[in-house]
Amino acid sequence: REAAATPGQGLANFRPPDAPAAAAPGAAARAAARGGWTSARHAAHATTDVPAGDVPGVADWIFAAARTRLLPRLEEVFGLEDALIVDDLFVAKYDADGQRALPEHEDGSPFSFVAPLNGGGDFDGGGTQFLDLDGAPVYRPDAGDALLFSGQNRHRGVPIVRGTRYVLAGFCAFAEGEDDEASP
């Protein structure tokens, strides 16, 4: 089973209207309570992040939204017959005074998604750039929307130049058994 070569499509209003908009501040508060953000979870392409399941304002809605909206949309966009699960889910922090970008890479998962948690008024720059596509387009979904793509497409996180950007990022894998579902 290979991932499709297209970058994918968006999913508008990934964050349900009744989900708290406090996910970005919740991630910052959780990181502070844990002694700071970590950059040790993803060795090949380190991000400054916290696991999403630990973030107040995210854990309550994200796993249900992944199962009911995101995973079915990925399966539809890429024409998959096999079910997917969320294998890793985290809130990444990009800061003009810290980690500003993510170098070009391919993810270790067949499918991935990013969903900005705060709006462009909080930062300048940022986005996901697909380097092997004509014109190397940069995608910047609105806060609450998601960008779905094959993790095997070479991409990078575009640098921010002002402020702080919080992004919910997820890696998806093929379910191995009938009882698999998005991980909490």
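Above this text is the structure in question.
Residues numbered from 1 in each chain as written. Predicted model: local features only at pLDDT ≥ 70, side-chain atom pairs only at ≥ 80, totals over all residues. Heavy atoms only, no water.

### What to know about the overall build of the protein chain
This is how it is decided: The secondary structure listing takes helices from DSSP runs of H or I that are at least 4 residues long and strands from runs of E that are at least 2 residues long, numbered from the N terminus. We call two residues in contact whenever any of their non-hydrogen atoms come within 4.5 Å of each other.
Regarding its fold elements, the protein chain presents 2 helices and 11 strands. Along its sequence from the N terminus, the protein chain presents helices and strands in the succession β-α-β-α-β-β-β-β-β-β-β-β-β. Taking all contacts inside the protein chain whose residues are at least 6 apart in sequence as the whole, residues at least 24 apart take part in 83%.

### Some points on the pattern of salt bridges
So the rule is basically this: Between Lys or Arg on one side and Asp or Glu on the other, a salt bridge is scored when a side-chain nitrogen of the former is within 4 Å of a carboxyl oxygen of the latter. The rule is simple: take the accessible area with a 1.4 Å probe, protein chains only, and divide by the maximum for that residue type; under 20% is buried, over 50% is exposed, in between is partly exposed.
For the structure on display, the rule yields 4 salt bridges. Arg-162 is the partner of Asp-124 in a salt bridge, and the nearest nitrogen-oxygen pair spans 2.8 Å. With a gap of 38 residues between them, Asp-124 in strand β6 (residues 123–125) and Arg-162 in strand β11 (residues 160–174) connect regions that are remote in the sequence. Here Asp-124 falls in the partly exposed class, since its relative accessible area comes to 35%.

### Side note on the pairing of strand β5 (residues 111–116)
Within a regular beta strand, the side chains point alternately toward one face of the sheet and then the other, so they alternate between its two faces. Just so we agree on the cut-off: When DSSP finds two or more bridges between two strands, those strands count as paired.
Of all 6 residues in β5, 6 are buried, a share of seventy percent or more. Burial along β5 is two-sided: the face carrying Phe-111, Phe-113 and Ala-115 and the face carrying Ser-112, Val-114 and Pro-116 are both buried. Of the pairings in the sheet, the one linking β5 to strand β9 (residues 146–150) comprises 4 bridges and is antiparallel in character. Within the sheet, the bridge partner assigned to Phe-111 lies in β9 and is Ser-150. As judged from the 6 bridges shared by β5 and β11, these two strands associate in the antiparallel manner. Its bridge partner lying in β11, Ser-112 is registered against Phe-171.

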